[in-house]
Amino acid sequence: MKNILTISISALVFTVGILLYAFSEKEQKTAYIELGKIYGDFELKKELQSKLTNVQQARKTVLDSMRIQLEFFANTLNNVNPKADKSKTEQQVREFEIKKQQYYQMEKTFSEDNEKLSSEYEEQIWKQLNQYIKDYGKANDYEYIYGAGGSGSLMYAKESNDITEKVKEYVNERYQGKK
């Protein structure tokens, strides 16, 4: 009788152990997001793009003004009487060349600064997006969130695994301080 009781208890413990193990093995939660959509609709990206556009427009205005002055100066030089004071004409030509060099230097500087600012903004956007997506994954108990971006890293996934809209909403709410 004691053996049967021991065997029964052992069988019961073994069965409960197997059931606990089976139920503790949860299905891995995975999903994907379309990176282009999230990036394009991210509020921080929109704000920084607007700032970049404003900076570029202001710089373009400065260059346009300098170019108009150069064109005016060139027209003035073209209309100078050749019999006029040669030293005065040579002085004007030197001034024109200096202004032209300043224009080209300013144009180069603005172009380089625009590229640098654009790169800095893009890096800032991706850093923030990556953090928010990581936070979303942790908060919603995902094992993996794959990024679909057309680069070949994710060639196919069921549309039911697409959480792009949820993540897009989450990252924008986080950025606005709502979550």
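If you're wondering where the values come from, they're calculated on a predicted model, not measured in any experiment.

About the criteria used
The residue numbering used here restarts from 1 in each chain and proceeds along that chain's sequence as written. Reporting of local features is limited, given that this is a predicted model, to residues whose pLDDT is at least 70; pairs of side-chain atoms are given and counted only at 80 or more, and all residues count toward the totals for whole chains, interfaces and linings. Side-chain numbers come from the whole structure's heavy atoms, not from hydrogens or water. One number per residue, pLDDT, summarises how confident the predictor is, and it ranges from 0 to 100. In this text, helices come from DSSP runs of H or I with a minimum length of four residues, and strands from runs of E with a minimum of two, each type numbered from the N-terminal end. Ring pairs shown here join Phe, Tyr and Trp side chains whose ring centres sit within 6.5 Å, with only the six-membered ring taken for Trp; geometry is labelled stacked below 30 degrees between planes, edge-to-face above 60, and tilted in between. Between buried and exposed lies partly exposed: a residue is buried under 20% and exposed over 50% of the maximum accessible area for its type, with that area taken using a 1.4 Å probe on protein chains only. Lysine NZ or arginine CZ positioned within 6 Å of the ring centre and within 35 degrees of the ring normal marks a charge as sitting over the ring.

Colleague: Let's hear about the confidence of the model for the protein: which residues, and what values?
Modeller: Averaged over all residues, the pLDDT of the protein is 84; the fraction at 70 or higher stands at 77%. Mean pLDDT per element in the protein: helix α1 (residues 2–24) is the minimum at 58, and helix α3 (residues 43–78) is the maximum at 94.

Colleague: With reference to specific residues and values, describe the packing of aromatic side chains.
Modeller: Scanning the model with the defined rule gives eight aromatic pairs in all. For the ring pair Tyr136 and Tyr142, a centre distance of 6.1 Å and an interplane angle of 25° mean the geometry is stacked. In this pair, the class of Tyr136 matches that of Tyr142, namely buried. By way of ring pairs, the aromatic residues Phe42, Tyr132 and Tyr175 are connected into one cluster. Here the guanidinium or amino end of Lys29 rests over the ring plane of Tyr142, the centre of that ring lying 4.6 Å away.

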